[in-house]
Amino acid sequence: KQWYQRRVRGNLKDGMPESLEAFLADCCSVYSCFDTVPVSDCESIVNLGMSPKKQHEVSMMGAFVRNVLSEHKNVTQIIDFGSGKGYLPENISLTCPGVKVLGIDREEVNTKGGRQRNLLMERLWRPLFRKSHPHLPADSLINLNHYFPVTLELSADHISPDFVKQIASHGHISPNNKTMLLGLHACGDLTSLLLQTFLACPDLQNIVSVGCCYHLITQRERSAYYMTEGEHKPTPLSNPDSIHAYPMSAYLKREPLYFTRNALCLASQAPEKMCTLQKLPEVNLFYRAIFQVLLLDNFERPPAVNVGTSATRATDFVSYTKLALTKLSLSYCDLTDEKIMSYYFRFTKCDERKLYIFYQLRTALTRVIESLFLIDRVLYLRDNGVDSVVSRLFDPTISPRCYVLVANKSR
């Protein structure tokens, strides 16, 4: 309230209120314990078809994996969970002589795209490498493409001491060799599945994982407050009894902290990007807040369905309201344009600014929530006798889910 009053009056010479400074300092202190990995973002020579964001992620993650492999010479093969179109495993296989990489993805379209790109890179690899390293002798171009993509739906059934042997049945990798488990932006529960598989199989020596999509993580809490669809439609989040549900660690099972869907979505936001671009959310955020009031005022027990992005093409609040009501299968026949706009005028003078201030304060909690998931995973590995390290790998203004977890069973 103090901060808002100062902004409205234009009296900012006294700076932030002490309570706000303390709040922001507390938020920063939670994730400041994660160091930044000293990896250079070198230009990738296998970045065909990648967006600038993907180029950054593949370049940094590839360099990081090569550093890990250089410290563990006995690891000769990698299994990549959720490999997509194979950008990362192809990068690693082409730049790490003798290391075989098997990519697993549940979508056949990604596997097919990975195979096609693989064939293309096999033809282009040597000319690309020679162009990027003109001073190297021709006989140094010994790197061969050892990447192989397969389509497979991973599940709890794969948490087994024989995991590497099971996957080796698809070909390309050996059943008894020391293996690294890899996951770049493993979505939702896939990161938890990856960690449990790593612990269960003795042939898995290392794990390198970057998680994402926290809003898709399964929570053990069954309360309707934590349901995906809200209190009007109490459908539980996936399977709360899943063995890879959050929390995983013994500590957070004893002292659990659960999150609403809004909080989980907040953990996937990009605060650094917002600060760098100096850009507030689109006006649709304000429209959505006003629409919520209109919905509750005019409809008895409205359905708890997310409006989503269906109304983002709206040009004004009237069109936004009609598109949103259509998405919710509600009629707007009794709502005139004048009545709809009366809600807009009711709040637009001062509440829009309040909403954006609230949004910025709320965004400060993004890394706090994300940190809890990261710490839960670190503690879970420690519960099972494996130490791990979480570090910032990517530039968060480019790739917001920027923290990598790395563990090695020999330590």
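You'll find the structure just up there.
Procedures and definitions
Residues numbered from 1 in each chain as written. Predicted model: local features only at pLDDT ≥ 70, side-chain atom pairs only at ≥ 80, totals over all residues. Heavy atoms only, no water. Helix = DSSP H or I, 4+ residues; strand = E, 2+ residues; numbered from the N terminus. Buried < 20%, exposed > 50% of the residue type's maximum accessible area, 1.4 Å probe, protein only. Polar contact = N/O pair within 3.5 Å; in protein donor to acceptor, adjacent residues only side chain to side chain. Phe/Tyr/Trp six-rings, centres within 6.5 Å; stacked < 30°, edge-to-face > 60°. Lys NZ or Arg CZ within 6 Å of the ring centre and 35° of its normal. Expected span 1.5 Å × (residues − 1). Arc of directions from axis to C-beta. Core = buried A, V, L, I, M, F, W, Y, C linked by side-chain atoms within 4.5 Å. Contact = heavy atoms within 4.5 Å. Salt bridge = Lys/Arg side-chain N within 4 Å of Asp/Glu carboxyl O.

### Topic: the side chain of Arg-401
- Locating Arg-401 in the fold gives a position in the loop between β7 (388-392) and β8 (403-408).
- Given a relative accessible area of 7%, Arg-401 falls into the buried group.
- Polar contacts involving the side chain of Arg-401 include one to the main-chain carbonyl oxygen of Gln-269, which spans 3.2 Å.

### A few points about the packing of aromatic side chains
- Evaluation of the coordinates by the stated rule reveals 12 aromatic pairs.
- Judged by centre distance (6.2 Å) and plane angle (65°), the ring pair of Tyr-287 and Tyr-344 falls under edge-to-face. Of this pair, Tyr-287 sits in helix α11 (residues 284-298) while Tyr-344 sits in helix α13 (residues 337-348); the two residues are 57 residues apart in sequence, bridging distant segments of the chain.
- Ring pairs connect the aromatic residues Phe-286, Tyr-287, Phe-291, Phe-317, Tyr-320, Tyr-344 and Phe-345, which therefore count as one cluster.
- The side chain of Lys-409 reaches across the aromatic face of Phe-198, ending 4.7 Å from its centre.

### Let's talk about helix α2 (residues 18-31)
- Compared with the 20 Å implied by 1.5 Å per residue over 14 residues, the 21 Å span of α2 between its first and last C-alpha is a close match.
- Turning to α2, its buried residues number three or more, namely Leu-20, Cys-27 and Tyr-31. Angular distribution of buried residues about the axis of α2 spans 30°; they occupy a single face of the element. For α2, exposure combined with an orientation more than 90 degrees from the buried face picks out Glu-18, Ser-19 and Asp-26.

### Some remarks on the nonpolar core
- The biggest cluster of nonpolar side chains holds 70 residues, and the ones touching the most others in it are Met-61, Val-65, Ile-78, Phe-163, Leu-181 and Val-208.
- Leu-181 has contacts with Ile-79, Phe-81, Phe-163, Leu-194, Thr-197, Phe-198, Leu-204, Asn-206, Ile-207 and Val-208, leaving out every residue within four places of it along the chain.
- With 22 residues, the next largest nonpolar core counts Ala-314, Val-318, Tyr-320 and Leu-355 among its residues.

### A word on the pattern of salt bridges
- Per the counting criterion, the structure on display carries 13 salt bridges.
- Note that Arg-367 is salt-bridged to Glu-370, the shortest N-O span being 2.6 Å. Taken together, the positions of Arg-367 and Glu-370, both in helix α15 (residues 366-383) and 3 residues apart, correspond to about one turn of that helix.
- On the basis of relative accessible area, Arg-367 is assigned to the buried category, the value being 1%.
- Linked by salt bridges that have partners in common, Glu-272, Arg-367, Glu-370 and Arg-401 make up one network.

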